[in-house]
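Observations on the model geometry
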Amino acid sequence: MKAKPLLLVTLVSSLATGCASGLNSMQKREYQAFKQNNVLVEEKNPTTGAVLGILPGGGSFYAREPGLGIVNLLLWPVSVLWDPVSGYEGAMEINYDITKQKLQKDKDQEVSRLDDRLATGQIDNTEYVLAKRQIEQKYSFE
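Residues numbered from 1 in each chain as written. Predicted model: local features only at pLDDT ≥ 70, side-chain atom pairs only at ≥ 80, totals over all residues. Heavy atoms only, no water.

On to the packing of helix H2 (residues 25–36) against helix H6 (residues 83–119). Interaxial distance between H2 and H6 falls to 11 Å at its minimum, and their mutual angle equals 70°. The pairing of H2 with H6 is recorded here as roughly perpendicular in orientation. The way H2 lies across H6 gives a crossing that is left-handed. Across the interface between the two elements, Gln27, Glu30, Tyr31 and Phe34 from H2 touch Met92, Asn95, Tyr96, Thr99, Lys100 and Leu103 from H6. Taken together, the residues of the contact of H2 with H6 sort by class into five nonpolar, three polar and two charged. (Axes fitted to C-alpha atoms, helices over the stretch in contact; angles between N-to-C directions. Helix = DSSP H or I, 4+ residues; strand = E, 2+ residues; numbered from the N terminus. Parallel < 35°, antiparallel > 145°, perpendicular 65-115°, else oblique. Left-handed = near helix turned anticlockwise from the far one by under 90°. Contact = heavy atoms within 4.5 Å. Nonpolar A, V, L, I, M, F, W, Y, C, P; charged D, E, K, R; others polar.)

Right, let's get into the nonpolar core. Core analysis: the largest hydrophobic core is formed by 16 residues, its most contacted members being Tyr31, Phe34 and Leu114. Counting residues per element, this core draws most heavily on H6, which supplies five residues. Those residues within four positions of Phe34 in sequence are excluded, and the remaining contacts are Val39, Leu40, Tyr96, Thr99, Lys100, Leu103 and Phe141. (Core = buried A, V, L, I, M, F, W, Y, C linked by side-chain atoms within 4.5 Å. Buried < 20%, exposed > 50% of the residue type's maximum accessible area, 1.4 Å probe, protein only.)

A few words now on the packing of H6 against helix H7 (residues 125–138). Viewed as axis vectors pointing N to C, H6 and H7 meet at an angle of 175°, and their least axial separation amounts to 10 Å. Relative to H7, the element H6 lies roughly antiparallel. Contacts between H6 and H7 involve Lys107, Glu110, Val111, Leu114, Asp115 and Leu118 on the former and, on the latter, Asn125, Tyr128, Ala131, Lys132, Ile135, Glu136 and Lys138.

With 12 residues, H2 ought to run about 16 Å at 1.5 Å a step, and its terminal C-alpha atoms sit 17 Å apart, in line with that. Taken residue by residue, H2 has Glu30, Tyr31, Ala33 and Phe34 as its buried positions. The arc that holds the buried residues of H2, viewed along the axis, is 160°, so those residues lie on one side. Pointing more than 90 degrees away from the buried face of H2 are the exposed residues Arg29 and Gln36. Structurally, H2 contributes buried residues whose contacts are with helix H3 (46–52) and H6. Of the residues flanking the start of H2, the one acting as N-cap is Asn24, its side-chain oxygen 3.0 Å from the backbone nitrogen of Met26. Looking one or two residues past H2, Asn38 carries a phi angle of roughly 55°, positive in sign. (Expected span 1.5 Å × (residues − 1). Arc of directions from axis to C-beta. Polar contact = N/O pair within 3.5 Å; in protein donor to acceptor, adjacent residues only side chain to side chain.)

Right, let's get into a nonpolar patch on the surface. The grouping of Ile54, Trp76, Val78, Val80 and Leu81 at the surface amounts to a nonpolar patch, some 470 Å² of accessible area in total. Positionally, Val78 belongs in the loop between helix H5 (66–74) and H6. (Patch = residues over 30% accessible without salt bridge, like charges linked within 9 Å, V, L, I, M, F, W, Y side chains within 5 Å. Areas by Shrake-Rupley, 256 points an atom, 1.4 Å probe, with all protein chains shown as cover. Salt bridge = Lys/Arg side-chain N within 4 Å of Asp/Glu carboxyl O.)

The next point concerns the packing of aromatic side chains. Under the criterion given, the structure shown has two aromatic pairs. Taking 5.3 Å as the distance between ring centres and 75° as the angle between the ring planes, the aromatic pair formed by Phe34 and Phe141 counts as edge-to-face. Here the residue Phe34 occupies a position in helix H2, and Phe141 occupies one in the segment after H7, the gap between them amounting to 107 residues. Neither residue differs from the other here; Phe34 and Phe141 are each classed as buried. One aromatic cluster is present, built from ring pairs that chain together Phe34, Tyr96 and Phe141. (Phe/Tyr/Trp six-rings, centres within 6.5 Å; stacked < 30°, edge-to-face > 60°.)

Nothing here speaks to function; it is geometry throughout.
Put into structure tokens, the structure is as follows:
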């Protein structure tokens, strides 16, 4: 008899936490811009994450959420209602984060090379400002 309330609490808490929060609307637009500009780093395939979500905890494990994967494994087959979404959204979040990191690293390297050119006198301040604006614009996907 005491197991039913515990099961209910576990189910409600996992429903609340088991679903991936996903990207917000601004991040989704930026993600699409990454795709359109062919700069998206796709480490995880969202479709694969969704398909694996049909398996016990598969979507969460694929999206690097082992805690949720274990909960979803224990709550399978009910977790099939939310784990495909978790896998899909989680894969998108991973790709988004990795792409942002790569683009920031690339941008920092370009600015550093530009700084070196200014410091060695290869360009003047006006050329520096114009080139830096071009770099900023190149890495703006919002």
